[in-house]
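Residues per chain are reported as follows:
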Amino acid sequence: HDDRNRRPPCGLFSEPQFWVRLLSFATLGGVSFTVPAIQDGMLHRELGLTDEKAAVLNMAFIVAGVLLGLALGAASSEQRLVGAWLRRLFVLASVGIAGIAGLLW
């Protein structure tokens, strides 16, 4: 590890890359958890699903994301590839969310 990674946490606030990453992760997290939040109403109205069935789909959506994240984290043994994989996953998530928005439009 180089000394650049050993700065005090308050030094992060002066780094522009910190704010870019913070905004990116916050936006993706907010959008990703909005899907299960609104799908109850959409599934009930559009498909006539009961609240219990919609809750099972919500749980499956979130659990799938958590399990995939854990599996990818465990499989990423090379630190230099983590950034590339995160960018790919951000793009994939963005395309998926845009696709869902397009279907609901």
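As a starting point, this report considers the structure included with it. Everything quoted here is computed from the prediction, not taken from an experiment. (Residues numbered from 1 in each chain as written. Predicted model: local features only at pLDDT ≥ 70, side-chain atom pairs only at ≥ 80, totals over all residues. Heavy atoms only, no water.)

Concerning the overall build of the protein chain
Operational definition: Going along the chain from the N terminus, every DSSP run of H or I of four or more residues is numbered as a helix, and every run of E of two or more is numbered as a strand. C-alpha atoms define the radius of gyration in this analysis, and the globule rule sets the expected value at 2.2 Å times the number of residues to the power 0.38. Any residue under 20% of the maximum accessible area for its type is buried, any over 50% is exposed, and the rest in between are partly exposed; the area is computed with a 1.4 Å probe on protein chains only. We call two residues contacting when some pair of their heavy atoms lies within 4.5 Å. Note on areas: Shrake-Rupley with a 1.4 Å probe; residue coverage comes only from the protein chains shown. By the counting rule applied here, Lys and Arg register as positive and Asp and Glu as negative, while His and the ends of each chain are not counted. Taken as the charge location is NZ of Lys, CZ of Arg, CG of Asp or CD of Glu.
Looking only at helices and strands, one finds three helices and zero strands in the protein chain. In terms of overall size, the protein chain is more extended than a compact globule, its C-alpha atoms giving a radius of gyration of 18 Å where 105 residues would be expected to give roughly 13 Å. Across its three principal directions, the C-alpha atoms of the protein chain cover 55 × 30 × 20 Å. Of all 105 residues assigned to the protein chain, the portion counted as buried reaches 9%. Restricting the contact set of the protein chain to residue pairs at least 6 apart, pairs at least 24 apart contribute 47%. Here the protein chain displays about 8,500 Å² of accessible surface, and carbon together with sulfur accounts for 69% of that area. Positive and negative charge centroids in the protein chain, built from 9 and 8 side chains respectively, lie 10 Å apart.

A few points about the pattern of salt bridges
Here is the rule we go by: Take a side-chain nitrogen of Lys or Arg and a carboxyl oxygen of Asp or Glu: if they are within 4 Å of each other, that pair is a salt bridge.
All told, the structure shown has one salt bridge when counted by the stated rule. Note that Arg45 is salt-bridged to Glu46, the shortest N-O span being 3.1 Å. The exposure classification of Arg45 matches that of Glu46, with both residues exposed.

Focus: the side chain of Asn58
Heads up, the condition is: A 3.5 Å cut-off defines polar contacts: any pair of N or O atoms within that distance qualifies, except that in protein one atom must be a possible hydrogen donor and the other a possible acceptor, and neighbouring residues in sequence count only when both atoms are side-chain atoms.
Positionally, Asn58 belongs in helix 2 (residues 51-75). Taking relative accessible area as the criterion, Asn58 reaches 11% and is therefore assigned buried. A polar side-chain atom of Asn58 sits 2.6 Å from a polar atom in the side chain of Asp40. Excluding its chain neighbours within four sequence positions, the residues that come into contact with Asn58 are Pro36, Gln39 and Asp40.

Describing the packing of aromatic side chains
Formally: Aromatic pairs are defined between Phe, Tyr and Trp rings, using the six-membered ring for Trp, whenever the two ring centres lie within 6.5 Å; interplanar angles under 30 degrees are classed as stacked, those over 60 as edge-to-face, and all others as tilted. In our convention, an over-ring charge means Lys NZ or Arg CZ found within 6 Å of a ring centre and within 35 degrees of that ring's normal.
Taken as a whole, this structure holds two aromatic pairs when the rule is applied. Their ring planes at 70° and their centres at 5.1 Å tell us that Phe25 and Phe90 sit as a pair that is edge-to-face. Of this pair, Phe25 sits in helix 1 (residues 16-47) while Phe90 is found in helix 3 (residues 79-104), placing the two residues 65 residues apart along the sequence. According to the relative accessible area criterion, Phe25 is partly exposed, its value standing at 44%. Looking at Arg88, its charged tip hangs above the ring of Trp85, at a distance of 4.9 Å from the centre.

Some details on the packing of helix 1 against helix 2
The test is simple: Fitted lines through C-alpha atoms give the axes, limited to the stretch in contact for helices. The angle between two N-to-C directions lies from 0 to 180 degrees. Orientation categories follow fixed angle ranges, with anything under 35 degrees roughly parallel, anything over 145 roughly antiparallel, 65 to 115 roughly perpendicular, and all other angles oblique. It is the rotation of the near helix from the far one that decides the hand of a crossing: anticlockwise by less than a right angle makes it left-handed, clockwise makes it right-handed. Gly falls in the polar group here, along with every residue not listed as nonpolar (Ala, Val, Leu, Ile, Met, Phe, Trp, Tyr, Cys, Pro) or charged (Asp, Glu, Lys, Arg).
It is at 9 Å that the axes of helix 1 and helix 2 come closest, and there the two elements cross at 160°. Between helix 1 and helix 2, the angle falls in the class roughly antiparallel. Note that helix 1 runs across helix 2; the crossing there is right-handed. Each of Ser32, Phe33, Val35, Pro36, Gln39, Asp40 and Leu43 in helix 1 lies in contact with helix 2, whose residues at this interface are Ala54, Ala55, Leu57, Asn58, Phe61 and Ile62. Its residues placed into classes, the contact of helix 1 with helix 2 shows nine nonpolar, three polar and one charged.

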